[in-house]
Amino acid sequence: MELRHLRYFRVLADELHFGRAAARLHISQPPLTAHIKDLEREVGARLFDRTTRRVALTGAGEVFAERVGELLERLDDAVVEARDHAEGRRGRIRVGFVSSASGTVLPPGLRIFREIHPHVRVDLSPLTTREQLDALAAGSLDVGLIRSGGAEPGLGVEPLFSEPMVAVLPVEHPLAPRDNLRVDDLVDERLILFPNDLMPAYVAQIWAMFAAIGAEPLVVQEAIHHETVAGLVSAGVGISILPASVSRFRPTDVVIRPIDGAPTTALLIARPEESSNPAVDGFVECLRAAQRVDG
């Protein structure tokens, strides 16, 4: 039984007229008649009553027509869904992100993507840069939003935006009244930093900033997420050096101060160079669009 036999049958069942059905199918009437006879032989039942005046479905034909209609509708849906998956309009995308992305480009980018691609499921995972790079290499993430220094074999990396590093201080800290700070001001200050093994490039930039004046940072606490670091600063555990975007979700009893000569840090998009998920391109474009609006 061929698929075209079922499609011919459905059209004839709709029209109940060989001439009109043949015209809809863009074939001549004799081949249509032959195909219907082949189908009836395959089914083992007469599907149409034919006279010189009329064509009507038999009882078996009515049952068959109902089932064939359901089958072809599902097949048509399957074709549409498969095409949508192939073109990135359906499916699932797994996204990792550093915590600073949640206060900058991720929410607006995600909102744009969901408006354009409502049938694509987005799974979000807050992860450090190192965790994302490992997950991308293992194939458990489709795209990541990471911090500087994420270039690795097999990954494509592109910058979304850069921002300066800033000092994050409790509001009652002696340095808080200053408009600008120097790196010298931070020597011997108790620092809260990211773990080096999870954010190596970012931590290396801070060490290099201190090394440039012949000093080392005094690290008293490590924490993973920006929100956690800002909370520890608020609690008086120490001060920190974070991307300037931390100002968007800092506690009210914490102040942000620029550091003269501080390095910049980039938020990057990372994804496998040979991605098999067509939805990734659409998601990345929405992140770019969100940054263009914000920037």
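This text goes with the structure placed above it.
Residues numbered from 1 in each chain as written. Predicted model: local features only at pLDDT ≥ 70, side-chain atom pairs only at ≥ 80, totals over all residues. Heavy atoms only, no water.

Caption draft 1: Fine view of the side chain of Ser-245. If you trace the backbone, Ser-245 turns up in the loop between β9 (239-243) and β10 (254-258). Beyond its immediate sequence surroundings of up to four residues, Ser-245 is in contact with Ser-100, Thr-104, Arg-147 and Glu-163. (Helix = DSSP H or I, 4+ residues; strand = E, 2+ residues; numbered from the N terminus. Contact = heavy atoms within 4.5 Å.)

Caption draft 2: Structural view of the nonpolar core. Membership of the largest hydrophobic core comes to 57 residues, with the highest contact counts inside it found for Ile-93, Leu-145, Phe-210, Ile-241 and Phe-283. With residues near it in sequence (within four places) discarded, Ile-241 still touches Met-165, Val-166, Leu-186, Leu-191, Ile-192, Tyr-202, Ile-206, Met-209, Phe-210 and Ile-259. Formed by 19 residues, the second largest nonpolar core is a distinct cluster that contains Phe-9, Phe-18, Ile-36 and Leu-39. (Core = buried A, V, L, I, M, F, W, Y, C linked by side-chain atoms within 4.5 Å. Buried < 20%, exposed > 50% of the residue type's maximum accessible area, 1.4 Å probe, protein only.)

Caption draft 3: Inspection of the pairing of strand β6 (residues 155-170) at higher detail. Strand direction decides the pairing type here: β6 and strand β11 (residues 264-272), joined by nine bridges, are antiparallel. Paired with Ser-162 across the strands is Ala-266, a residue of β11. In the sheet, β6 pairs with β9 via four bridges, with the strands oriented antiparallel. Across the sheet, Val-166 pairs through a bridge with Leu-242, a residue of β9. As paired strands, β6 and β10 are joined by five bridges and run antiparallel to one another. Looking across to β10, one finds that Leu-169 is bridged to Val-255. (Pairing = 2+ DSSP bridges.)

Caption draft 4: Highlighting helix α3 (residues 29-43). Along its 15 residues, α3 runs 21 Å from first to last C-alpha, staying within 8% of the 21 Å computed at 1.5 Å per residue. Every buried residue of α3 is accounted for by Leu-32, His-35, Ile-36, Leu-39 and Glu-40. Across the axial projection of α3, the buried residues extend over an arc of 140°, all falling on one side. Facing away from the buried side of α3 by more than 90 degrees, the exposed set consists of Pro-30 and Arg-41. The positive-phi residue at the C-terminal boundary of α3 is Gly-44, with phi of around 85°. (Expected span 1.5 Å × (residues − 1). Arc of directions from axis to C-beta.)

Caption draft 5: Spatial organisation of the pattern of salt bridges. Counted according to the given criterion, the structure contains 22 salt bridges. Where Arg-7 meets Asp-76, a salt bridge forms, and the shortest distance between an N and an O atom there is 3.4 Å. With Arg-7 in helix α1 (residues 3-15) and Asp-76 in helix α4 (residues 59-86), this residue pair connects regions lying 69 residues apart in the sequence. With a relative accessible area of 27%, Arg-7 lands in the partly exposed category. Arg-67 is the partner of Glu-70 in a salt bridge, and the nearest nitrogen-oxygen pair spans 3.9 Å. With Glu-70 and Arg-67 both in helix α4 and three residues apart, the pair spans about one turn of that helix. For Glu-70, a relative accessible area of 34% puts it in the partly exposed group. (Salt bridge = Lys/Arg side-chain N within 4 Å of Asp/Glu carboxyl O.)

Caption draft 6: A look at the environment of Leu-267. Looking at the element boundaries, Leu-267 is found in strand β11. Along the chain, Leu-267 and Ala-101 lie 166 residues apart, while their C-alpha atoms are 7.6 Å from each other. In contact with Leu-267, other than residues within four places in its own chain, are Val-98, Ser-100, Ala-101, Thr-104, Val-105, Leu-145, Ile-146, Arg-147, Glu-158, Pro-159, Leu-160 and Phe-161.

Caption draft 7: Summary view of the packing of α1 against α3. The N-to-C vectors of α1 and α3 enclose an angle of 110°; their axes lie 10 Å apart at closest approach. Put simply, α1 runs roughly perpendicular to α3. Between α1, through Arg-4, His-5, Leu-6, Tyr-8, Phe-9 and Leu-12, and α3, the contact on the second element is made entirely by Leu-32, His-35, Ile-36, Asp-38 and Leu-39. Here the residues of the contact of α1 with α3 sort into seven nonpolar, two polar and two charged. (Axes fitted to C-alpha atoms, helices over the stretch in contact; angles between N-to-C directions. Parallel < 35°, antiparallel > 145°, perpendicular 65-115°, else oblique. Nonpolar A, V, L, I, M, F, W, Y, C, P; charged D, E, K, R; others polar.)

Caption draft 8: Looking closely at the pairing of strand β7 (residues 190-193). In this structure, β7 lies alongside strand β8 (residues 218-222), joined through four bridges in parallel fashion. The residue bridging Arg-190 from the neighbouring strand is Leu-218, located in β8. In the classification by handedness, the crossover that spans β7, the intervening helix α8 (residues 200-211) and the parallel β8 is right-handed. (Right-handed = clockwise from strand over helix to strand, strands pointing away.)

Caption draft 9: Representation of unusual backbone geometry in the model. Backbone geometry at Leu-16 places phi at a positive 50°, although glycine is not the residue there. Looking at the element boundaries, Leu-16 is found in the loop between α1 and α2 (18-25). Leu-16 gets classed as partly exposed once you look at its relative accessible area, which sits at 33%. At Asp-188, a position not held by glycine, the phi torsion is positive, near 75°. Looking at the element boundaries, Asp-188 is found in the loop between α7 (183-186) and β7.

Caption draft 10: Spatial organisation of the side chain of Arg-147. Positionally, Arg-147 belongs in strand β5 (residues 143-147). Separated by 2.9 Å, the side chains of Arg-147 and Ser-100 make a polar contact. A distance of 2.7 Å separates a polar atom in the side chain of Arg-147 from a polar atom in the side chain of Glu-163. (Polar contact = N/O pair within 3.5 Å; in protein donor to acceptor, adjacent residues only side chain to side chain.)

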